[in-house]
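Chains, contacts and geometry: an overview
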Amino acid sequence: MFIPILIASLVLSTNAAYIVSRSQSYPLSQPGVLGPQTSITIGNKIIAPDGFARSATLVDGTFPGPLIAAQKGDNFSIEVINNLQDEAMFKSTSVHWHGIFQNGTNYADGTSFAPTGITVIIPSSRKCDGLRGPLVIYDPNDPLAYMYDVDDASTVITLADWYHVVAPVLRHIIGTTTNITLINGYGRYTGGPSSELAVINVEQGKRYRMRLIAMSCDPNFNFTIDGHNFTVIEADGQLTEPLLVDQLQILAGQRYSVVLVADKPVDNYWVRSLPSSLVVPSFAGGINSAILRYNGAPTADPTTVNTTPENPLIETNLHALINPGAPGIPEYGKADINLTLAVTNVGGIFSINGTTFKPPTVPVLLQILSGAQEASQLLPSGSVIVLEANKVVELTMTISGVGGPHPIHLHGHAFDVVQSAGSTSFNYANPVRRDVVSAGTAGQQMVIRWTTDNSGPWFLHCHIDWHLDAGFAVVMAESPSDTLAHVSPVPTEWDQLCPTFYSLSASQLGGGGNESYAEAANISSILFPQSPLP
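Described below are features of the structure shown in this document. None of these values were measured; they are calculated from a predicted model.

Along its length, the chain carries 9 helices and 29 strands. Taking 2.2 N^0.38 as the reference for a compact globule, 534 residues should give roughly 24 Å; the C-alpha atoms of the chain span a radius of gyration of 22 Å, in line with that estimate. Seen through its principal axes, the chain has C-alpha atoms that stretch 65 × 55 × 45 Å. Split into buried and exposed, the 534 residues of the chain put 58% on the buried side. Sequence separation of at least 24 residues holds for 78% of the intrachain contacts in the chain that already meet a minimum separation of 6. Positive and negative charge centroids in the chain, built from 24 and 43 side chains respectively, lie 2 Å apart.

Before going further, it helps to examine the sheet that holds strand 23 (residues 407-410). Read from one edge of the open sheet, 5 strands run 21-29-28-23-26, paired in mixed fashion. Each of the sheet's edge strands pairs with one partner strand only, and the pair in question is strand 21 (384-387) and strand 26 (436-438). Sheet twist, expressed as the mean angle between neighbouring strand axes with direction ignored, is 20°. Alignment of strand 23 against strand 28 (residues 456-462), held across 3 bridges, turns out to be antiparallel. Residue pairing for strand 28: H409 is matched across the bridge by H461.

Counted by the stated rule, this structure contains 21 salt bridges. The partner of D149 in a salt bridge is R207, with the nearest N and O atoms 2.9 Å apart. In this pair, D149 is assigned in the loop between strand 7 (135-138) and strand 8 (156-162) and R207 in strand 11 (residues 207-214), connecting sequence segments 58 residues apart. Under the relative-accessibility criterion, R207 is labelled partly exposed at 26%.

Tallying each qualifying case throughout the model produces 1 disulfide. Covalently, C128 is tied to C217 through a disulfide, its sulfur atoms 2.2 Å apart. Since a negative S-S torsion denotes a left-handed disulfide, the C128-C217 link at about -135° is left-handed. Residue C128 is located in the loop between helix 1 (124-127) and strand 7, and its partner C217 is located in the loop between strand 11 and strand 12 (221-225); the two are separated by 89 residues in the primary sequence. Pair check on accessibility: C128 and C217 agree, each one buried. No disulfide involves C462; its nearest neighbouring cysteine sulfur is the one of C217, lying 12 Å away.

With that settled, the discussion passes to the nonpolar core. L248, L292, L395, M397 and M476 are the most contacted members of the largest nonpolar core, which totals 76 residues. Setting aside anything within four residues of it in sequence, one finds L248 in contact with L212, F221, N222, F223, F230, V232, Y256, V258 and L313.

Enumeration according to the criterion identifies 9 aromatic pairs in this entry. A centroid spacing of 5.2 Å and a plane angle of 25° characterise the contact between F350 and F472, whose relative ring orientation is stacked. Here F350, found in strand 20 (residues 349-352), pairs with F472, found in the loop between helix 4 (465-469) and strand 29 (473-478); they are 122 residues apart in sequence, far enough to count as distant. Across the pair, F472 and F350 agree in class, each one buried. The ring of W162 has R54 sitting right over it, with the charged end atom 5.3 Å from the ring centre. The cationic tip of R272 hangs over the ring face of F283; the distance from NZ or CZ to the ring centre is 4.8 Å.

Sheets are built from strands that pair by backbone hydrogen bonding, the pairs being arranged parallel or antiparallel. Pairing within the open sheet is mixed, and its 6 strands lie in the order 20-19-22-27-24-25. Each edge of the open sheet is held by one strand with a lone partner, namely strand 20 and strand 25 (433-434). Where strand 19 (residues 337-346) lies against strand 22 (residues 392-399), 7 bridges are found, and the strand directions are parallel. For L339, the partnering residue across the bridge sits in strand 22 and is L395.

Residue placement: G185 occurs in the loop between strand 9 (180-183) and strand 10 (199-202). What makes G185 buried here is its relative accessible area of 7%. Taking the C-alpha atoms as reference points, G185 and I47, separated by 138 residues in sequence, lie 10 Å from one another. Those residues in contact with G185 that sit more than four places away from it in its chain are P49, F63, P64 and T158.

Let's shift gears to the side chain of H411. Among the structural elements, H411 can be located in the loop between strand 23 and strand 24 (415-419). Classification of H411 as buried rests on a relative accessible area of 3%. Side chain to side chain, H411 and D109 meet in a polar contact 2.7 Å long.

Turning to its location among the elements, S273 is positioned in strand 17 (residues 268-275). On the basis of relative accessible area, S273 is assigned to the buried category, the value being 0%. Between the C-alpha atom of S273 and that of D129, which follows or precedes it by 144 residues, the distance is 20 Å.

The rules behind these values
- Residues numbered from 1 in each chain as written.
- Predicted model: local features only at pLDDT ≥ 70, side-chain atom pairs only at ≥ 80, totals over all residues.
- Heavy atoms only, no water.
- Helix = DSSP H or I, 4+ residues; strand = E, 2+ residues; numbered from the N terminus.
- Rg over C-alpha atoms; globule rule 2.2 N^0.38 Å.
- Buried < 20%, exposed > 50% of the residue type's maximum accessible area, 1.4 Å probe, protein only.
- Contact = heavy atoms within 4.5 Å.
- Lys, Arg positive; Asp, Glu negative; His and termini not counted.
- Charge placed at Lys NZ, Arg CZ, Asp CG, Glu CD.
- Pairing = 2+ DSSP bridges.
- Axes fitted to C-alpha atoms, helices over the stretch in contact; angles between N-to-C directions.
- Salt bridge = Lys/Arg side-chain N within 4 Å of Asp/Glu carboxyl O.
- Disulfide = S-S within 2.5 Å.
- Core = buried A, V, L, I, M, F, W, Y, C linked by side-chain atoms within 4.5 Å.
- Phe/Tyr/Trp six-rings, centres within 6.5 Å; stacked < 30°, edge-to-face > 60°.
- Lys NZ or Arg CZ within 6 Å of the ring centre and 35° of its normal.
- Polar contact = N/O pair within 3.5 Å; in protein donor to acceptor, adjacent residues only side chain to side chain.

As structure tokens, this is what we get:
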């Protein structure tokens with residue numbers, strides 16, 4: 001059965017993108033690339049990206065999903081068709097357009113866990129089972145275009161973790177992890193077959209803008225290419241001053257554009273993406289790897305050697321290229337609104353300022369449109385922070401307990417990172433600007449600033465999906481009194497999402513029912529308490 005569940009229409013600005021590319025080689029003419037006016041089908045299919053066959057939740061039958069490409073100023077209208085049928089995985093879904101700021105279209109943010117969409121579906125049950133894919137907005141006017149020759153679909157590089165057990169089972173396990181990395185949808189696992197690896201083809205003498213997308217559910221990756229340096233020019237859709245590195249750590253939800261100069265001898269070179277979940281680092285047998293192949297090199301696995309990086313990326317060395325500088329008075333604690341969020345982890349359950357996020361039965365946006373304006377009126381209680389309009393917010397997040405580094409993502413905004421986790425210094429003059437930042441590990445803090453110029457409820461959460469499931473989130477309700485006018489008109493179809501969801505039977509919802517918890521108990525004894533079925 002084909003059920004159209006969402007039509008998203010939005011006008012995209014330069015920096016409101018999964019990754020903003022300012023290339024002359026717009027890839028819509030390439031096979032398999034979708035444009036801004038398109039339709040995608042979410043369904044189930046058995047795939048074996050690392051040689052192990054399993055059913056997955058996919059966009060148009062592929063992992064990762066097809067590249068959606070547009071140019072600055074395009075109007076997006078994307079019909080999403082739900083054809084999910086595998087009852088071991090959840091059969092209802094929504095789509096979040098990660099990194100799109102949705103200014104004036106908060107209702108189309110697509111988060112199925114709280115502020116704007118259906119409120120009780122767990123996002124990890126789709127993403128970790130395969131519902132992930134790249135979206136790139138191209139801008140032909142790039143001040144850094146002189147640095148590269150090629151920027152098209154062939155230079156999009158996706159980094160993902162992969163699981164052999166379905167997510168509705170894994171989400172019951174405290175400390176779920178995997179050691180399997182897929183690069184552009186291909187990989188190998190320890191003890192598995194020598195399955196196909198992704199190949200990135202380059203021509204000697206050319207310069208390539210490669211867009212790295214960490215679409216993992218959990219681990220971060222240390223990314224390197226044997227024998228090559230690369231220059232970072234963009235972080236999370238925001239141009240940076242060019243910075244030469246030989247390794248970068250990329251956290252779940254983060255994106256980087258790097259320029260690779262293909263100036264080495266014609267050969268095959270290992271591309272390495274080491275997951276943080278791996279206790280003992282290993283690339284044995286081509287695991288956690290892909291191949292950089294120069295034109296003319298033989299079709300074979302590389303024999304290049306991994307070396308210790310000498311110039312790894314340090315976040316404080318990144319600086320915004322366009323309009324640098326954090327808003328407000330350049331001094332700690334001197335913003336218009338100063339917030340401190342203390343994160344704790346007890347028994348795998350996360351709390352922010354003592355409150356664990358639990359999805360409300362009514363989306364926060366609908367609560368606001370129905371007249372709720374104050375934090376005391378908005379649910380979930382203790383998890384909604386009301387912010388005044390057009391104010392500079394400085395947010396400090398401190399971490400205690402195990403698990404990290406935590407990638408923190410704010411919907412609706414980019415922000416300036418005035419203090420990076422693990423750093424003792426502040427930078428208000430020219431910090432990196434992005435939308436996913438590390439909050440570090442126990443004993444560390446990070447500080448960010450942004451301006452409240454996008455009315456609506458916006459999710460702030462850890463981008464490790466298992467941590468989000470375990471309550472690591474709050475909602476920033478930005479100028480609720482202005483929201484009705486800011487997002488008007490709200491499509492009538494949006495009003496029907498919750499009634500449609502609540503009318504579904506257990507069979508229509510899928511997710512394995514009680515059997516998923518029993519299966520989790522067969523894998524591990526360290527489980528969350530069994531939660532009621534949706």
